[in-house]
Amino acid sequence: MASNQSPLSKHAAVVRRALAARGGWVPVEVYASTEAARSAVRRIPRAERMPAYGPPGTFEAYDANHDDGTAVWVRYTAGLPKPEPRPTAMTYLVCDRGTGPGYEGVRVTKVIVSAECPRCGGPRGTAIPHRFPEDGAWYMVHKWANQCGHLDEYASVLAEFRADRQLAEYAVRAHVKLDKVGSGEYDEPVALLNALALELNSPSARDASRFLAVCGYGEAARRVEEERAAREKRMTLRDAAQYLPELTAARAGCTNCVNGRIKYQARDGEFVDLRCPDCRREVTPDA
């Protein structure tokens, strides 16, 4: 993505591509410095010292790993229906043929991996069911196409998933004591995050959400991602580990709801259940 364009004309070209994509993510630049990329991500939504992205609130941005540094991606959201939040991780069903040199048959394995392409940081594609026959049996897996055009092979996705699991398991063995960490219902997720914070370099809350999902703590992952999206400042993995006990305390002291539900009477007289903003429990409304 290196260019001889001036910064102003370069970002003006990015804005034109983002407008044409209407809510789709487009690449901005690859930065050699992670902090420079994260600074751009903070300034783009505010159009701060980057007037091409004005007025403020017109664009969203994120940073992600790239083969050559840290990539920044943006999407145009002004005047459009509110887009779905960018996922923390993607879940796919993939072919798993084992790791031996010979044919070992096939099985289907569910993997949870980063939502970004590991080569360029672009968003990974949506899972599409795909059935295929083998040895007299039918199997259902997922296919997907990454917007960036880079191909995810099943073997590489499996390796990525297993590497995350192995890192999480190693971190827990190396740093987590057998005694409770005092976080209530989130004892195990908090212990995992604290251990990972000692192993990862400058981890973000998105890393926290991904590892929680990979290790089976899906509800904790969703709560961390909700909080990360709500905060204006960058949220680190350690911030996530501190937030979960705070959420536990908020739930214990909440008097506004019953098991995460608040009864509300609408103007037409009908009663509906609203999710409590303090407890943030996952609930199924009665109406």
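Our structure is the block above this text.
Residues numbered from 1 in each chain as written. Predicted model: local features only at pLDDT ≥ 70, side-chain atom pairs only at ≥ 80, totals over all residues. Heavy atoms only, no water.

Q: When you look at the packing of helix α3 (residues 154-175) against helix α4 (residues 187-197) in this model, what are you seeing that I'm missing?
A: Packed helix pairs are characterised by how far apart their axes lie and by the angle those axes make with each other. Viewed as axis vectors pointing N to C, α3 and α4 meet at an angle of 90°, and their least axial separation amounts to 8 Å. With respect to α4, the axis of α3 lies roughly perpendicular. Seen from α3, the contacting residues are L167, A168, A171, V172 and H175; seen from α4, they are L192, A195 and L196. Split into classes, the residues belonging to the contact of α3 with α4 amount to seven nonpolar, one polar and no charged. (Axes fitted to C-alpha atoms, helices over the stretch in contact; angles between N-to-C directions. Helix = DSSP H or I, 4+ residues; strand = E, 2+ residues; numbered from the N terminus. Parallel < 35°, antiparallel > 145°, perpendicular 65-115°, else oblique. Contact = heavy atoms within 4.5 Å. Nonpolar A, V, L, I, M, F, W, Y, C, P; charged D, E, K, R; others polar.)

Q: What am I meant to see in the packing of aromatic side chains here?
A: Working definition: an aromatic ring pair is given by the centre-to-centre distance plus the angle between the planes. Summed over the entire model, instances satisfying the criterion amount to six aromatic pairs. Note on Y53 and F59: the rings are 5.3 Å apart at their centroids and 85° apart in plane angle, and the pair reads as edge-to-face. The burial state of Y53 is the same as that of F59; both residues are buried. With a centroid separation of 5.6 Å and an interplanar angle of 65°, the aromatic rings of F59 and Y76 are classed as edge-to-face. Remark: Y76 occurs in strand β3 (residues 69-76) and F59 occurs in strand β2 (residues 59-66); sequence separation between them is 17 residues. Accessibility expressed as a relative area gives 3% for F59, which makes it buried. Exposure remark for Y76: the relative accessible area of 15% places this residue in the buried category. Over the ring of Y62 we find R86; its NZ or CZ atom is 3.7 Å from the centre of that ring. (Phe/Tyr/Trp six-rings, centres within 6.5 Å; stacked < 30°, edge-to-face > 60°. Buried < 20%, exposed > 50% of the residue type's maximum accessible area, 1.4 Å probe, protein only. Lys NZ or Arg CZ within 6 Å of the ring centre and 35° of its normal.)

Q: What am I meant to see in the environment of P7 here?
A: Positionally, P7 belongs in helix α1 (residues 7-21). Residues P7 and M50, spaced 43 residues apart in sequence, show a C-alpha to C-alpha distance of 9.0 Å.

Q: Can you help me understand the sheet that holds β2 in this one?
A: What links the strands of a sheet is backbone hydrogen bonding, and the strands pair in either a parallel or an antiparallel sense. The strand order across the open sheet formed by three strands is β1-β3-β2, and the pairing between neighbours is antiparallel. Both edges of this open sheet fall to β1 (26-31) and β2, since each of them pairs with a single strand only. Strand-to-strand twist across the sheet, computed as the mean angle between neighbouring axes with direction ignored, equals 25°. (Pairing = 2+ DSSP bridges.)

Q: Quick question: what am I supposed to make of the pattern of salt bridges here?
A: Where charged atoms from two side chains of opposite charge approach closely, those side chains can pair. With the rule as written, the count across this model stands at 26 salt bridges. A salt bridge links R38 to D63; its shortest N-O distance comes to 3.5 Å. Pair noted here: R38 is in helix α2 (residues 34-43) and D63 is in strand β2, with a separation of 25 residues, a long-range link. The residue R210 makes a salt bridge to D164 at a minimum N-O spacing of 3.1 Å. Note that R210 is positioned in helix α5 (residues 205-214) and D164 in helix α3, a separation of 46 residues in sequence. Taken as a pair, R210 and D164 share a single burial class, namely buried. (Salt bridge = Lys/Arg side-chain N within 4 Å of Asp/Glu carboxyl O.)

Q: Would you mind showing me how to read α5 here?
A: One full turn of an α-helix is made of 3.6 residues, so residues set three or four places apart face in the same direction. Among the 10 residues in α5, nine count as buried, and that is most of the element. Among the residues making up α5, those that are buried are A205, R206, A208, S209, R210, F211, L212, A213 and V214. In this structure, the buried residues of α5 make contact with β4 (89-96), β5 (107-114), α3, α4, α6 (218-230) and α7 (237-253). Phi turns positive, to about 95°, at G216, one or two residues after α5.

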